[in-house]
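Descriptive analysis of the structure
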Amino acid sequence: MRPNRSLHLAALIACSTALATTPGCAKKDAPATAQTAQPAEPSAKAGEGGKAEKASADQAKAVVDRARLAIFAPLAGEVTAATGPATPAQVALGQMLYFEKRLSKNQDLSCNSCHMLDRGGVDGSARSSGHKGQLGGRNAPTVFNAAAHLAQFWDGRAKDVEEQAKGPILNPIEMAMPSAEAVVAVLVSMPEYVAAFQAAFPGQADPVTYDNLGKAIGAFERQLTTPGRWDAYLKGDDKALTDEEKAGLALFLDTGCMACHNGAALGGGSYQKLGAVKPWPNLKDNGRYDATKDEADKFKFKVPSLRNIAQTGPYFHDGSVQTLEEAVKLMATHQLGRDLDDAKVKSLVTWLKALNGEAPKELTAQPALPPSSATTPKADPT
Ligand code: HEC
Ligand code: HEC
């Protein structure tokens, strides 16, 4: 499985590049747990240290060995649920609900307020402001390609996008609705919504439920994938990336970033400790530990996707870093024990910018929303 493999790879790379004093690096030949489908190659490269780095700088004109790309994958148009593909009626309803401010207590916030679909799926703030301007504790990750992750939130506490979507509406510092019943009351007050739920969940006697709201929003989010030039390149079009971008890709592989940032989303596949090699300064958030209460999960976070990363700053779970350059430098130091000079950071960023892609415009635009009726509850600013 990918999570185990990533852990193992990370350990190999960390140990091969870090100072000998790094804890856990002593037993070099005993990579205890998982099997790895990517055996010695990445760590061997990284282990060559200076030599490998020099080689990669010379690689500007070189072709990247395609065998090394097997740890990535192109994006599909839909991240299909275990229950099967979404129907057009479910996606259409989910899109309405995603933009629906009347699902918040003061009718001033929708999912799109913090995950703007015309802005990379984020809000551009270090931490988002919810009901009455209250600040949350973490940075809002993008909703684009999120459905492809192994779980949702920085700590993975929701198993999928369907479950996740039911959280923010009832969260007192986000959309702050008092109860699931209050949400359903808003929806049933508008005949168009009742009809849309009936179309999305045919054959159900009472389709307007909070659970179905989560399913519809999830069905919509499963369409929010952003294929781009990177996918064309992965599928075999060598011209889809420039030579400079390929050089950055080679550096990403040689440096060891792909040990954690891999798969179709270049992330989202495992939980990893922030500060894997060198402790992260002032780390207050316990990360995955909050969800599992397992000591081993302290300071572990879901590895974020690097898709559209140039558009989704500020960076990290606390939004503490403004620029992509700074984020890349910190990653190399703390996750891999390597100090990258400015030219290498620039090269990596050049490649990362090639990971931008787009979801279909008809999905990211706000749809027409039903008018309120006489019985629709009013905004409550308290
Ligand atoms: C007030 C701002 C705010 C609103 C409104 C909001 N979110 Fe979020 N969202 C966040 C923050 C902050 C996080 C990260 C929280 C954490 O990880 O603990 C998040 C996490 C997520 C994630 C997880 C992504 C990942 O990579 O793990 C998804 C998906 C998501 N939100 C979708 C939604 C949907 C759908 C709605 C509407 C029902 C919504 N959000 C409403 C701020 C918001
Ligand atoms: C050992 C695993 C690991 C390695 C290796 C690693 N990362 Fe990360 N990366 C993470 C984790 C975990 C986070 C999330 C940390 C947080 O915010 O708490 C992250 C976050 C990031 C972010 C910020 C993403 C966001 O949405 O805020 C960027 C950019 C990034 N990594 C790039 C890189 C690059 C470039 C490399 C190689 C120099 C690299 N990473 C190596 C695990 C890793």
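Predicted model only: the values in this text are computed from it and were never measured. (Residues numbered from 1 in each chain as written. Chains lettered and ligands numbered in written order. Predicted model: local features only at pLDDT ≥ 70, side-chain atom pairs only at ≥ 80, totals over all residues.)

Things to note about the overall build of the protein chain
For the protein chain, the helix and strand inventory stands at 16 helices and 2 strands. The proportion of buried residues among the 382 residues of the protein chain is 44%. Pairs at least 24 apart in sequence give 73% of the contacts found in the protein chain among residues at least 6 apart. (Helix = DSSP H or I, 4+ residues; strand = E, 2+ residues; numbered from the N terminus. Buried ≥ 20, exposed ≤ 12 C-beta atoms within 10 Å, placed from the backbone. Contact = placed C-beta atoms within 7 Å.)

Topic: the packing of helix α12 (residues 243-255) against helix α15 (residues 342-353)
Axis separation between α12 and α15 bottoms out at 7 Å; the angle between their running directions is 110°. The orientation of α12 with respect to α15, classified from their angle, is roughly perpendicular. Note on element contacts: α15 touches α12 through K344, S347, L348, T350 and W351, opposite E244, E245, A247, G248, L249, L251 and F252. Grouping the amino acids of the contact of α12 with α15 by side-chain chemistry returns 6 nonpolar, 3 polar and 3 charged. (Axes fitted to C-alpha atoms, helices over the stretch in contact; angles between N-to-C directions. Parallel < 35°, antiparallel > 145°, perpendicular 65-115°, else oblique. Nonpolar A, V, L, I, M, F, W, Y, C, P; charged D, E, K, R; others polar.)

Some details on unusual backbone geometry
A cis amide bond, omega -5°, links G313 with the succeeding residue P314. Locating P314 in the fold gives a position in the loop between β2 (300-302) and α14 (324-336). One non-glycine residue, F153, lies in the positive phi region at around 80°. Summarising the element assignment, F153 is placed in the loop between α5 (111-114) and α6 (161-164). Look at F153 and you get partly exposed, because 19 C-beta atoms sit within 10 Å. If you check the backbone angles, N282 has positive phi at about 50° while not being a glycine. Note that N282 resides in the loop between β1 (271-273) and α13 (289-292).

A word on the packing of helix α4 (residues 88-98) against helix α10 (residues 210-221)
Two elements in contact, α4 and α10, have axes whose closest approach is 7 Å; the angle formed by their N-to-C orientations is 100°. Judged by the angle between their axes, α4 and α10 are roughly perpendicular. For the pair α4 and α10, contact is made by Q90, V91, L93, G94, Q95, L97 and Y98 and by L213, K215, A216, I217, A219 and F220, respectively. Split by residue class, the contact of α4 with α10 holds 9 nonpolar, 3 polar and 1 charged.

Things to note about the site of ligand 1
As a matter of local geometry, ligand 1 sits amid 25 residues, with C111, C114, G130, F153 and P168 nearest to it. Elements with a contribution of two residues or more to the shell around ligand 1: α5, α6 and α7 (166-170). In terms of residue count, α5 provides more of the shell around ligand 1 than any other element does, 3 residues in total. For the shell around ligand 1, a count of residues per class yields 15 nonpolar, 8 polar and 2 charged. (Near = placed C-beta within 6 Å.)

What about α14?
Over its 13 residues, α14 extends 17 Å from the first C-alpha to the last, a length consistent with the 18 Å expected when each residue adds 1.5 Å. Turning to α14, its buried residues are L324, A327, V328, K329, M331, A332, Q335 and L336. Remark: G337 follows α14 within two positions and exhibits a positive phi of approximately 65°. (Expected span 1.5 Å × (residues − 1).)

Points about the confidence of the model for the protein chain
Predicted confidence across the protein chain gives a mean pLDDT of 88, with 84% of residues reaching 70 or more. In this model, residues 1-50 is a region of pLDDT below 50 whose contacts with residues beyond four sequence positions or in other chains number 75 contacts. (pLDDT = per-residue confidence, 0-100.)

Considerations on the nonpolar core
Counting residues in each nonpolar core, the largest one holds 74 residues, and the members touching the most others are A216 and F252. Mapped by element, the contributors of at least two residues to this core are α4, α8 (180-188), α9 (191-200), α10, α11 (229-234), α12, α14 and α15. Mapped onto the domain boundaries, this core takes at least three residues apiece from domain 1 (2-76 + 233-353) and domain 2 (88-225). With residues near it in sequence (within four places) discarded, F252 still touches C257, M258, L348 and W351. (Core = buried A, V, L, I, M, F, W, Y, C linked by C-beta atoms within 7 Å. Domains from an automatic or database assignment.)

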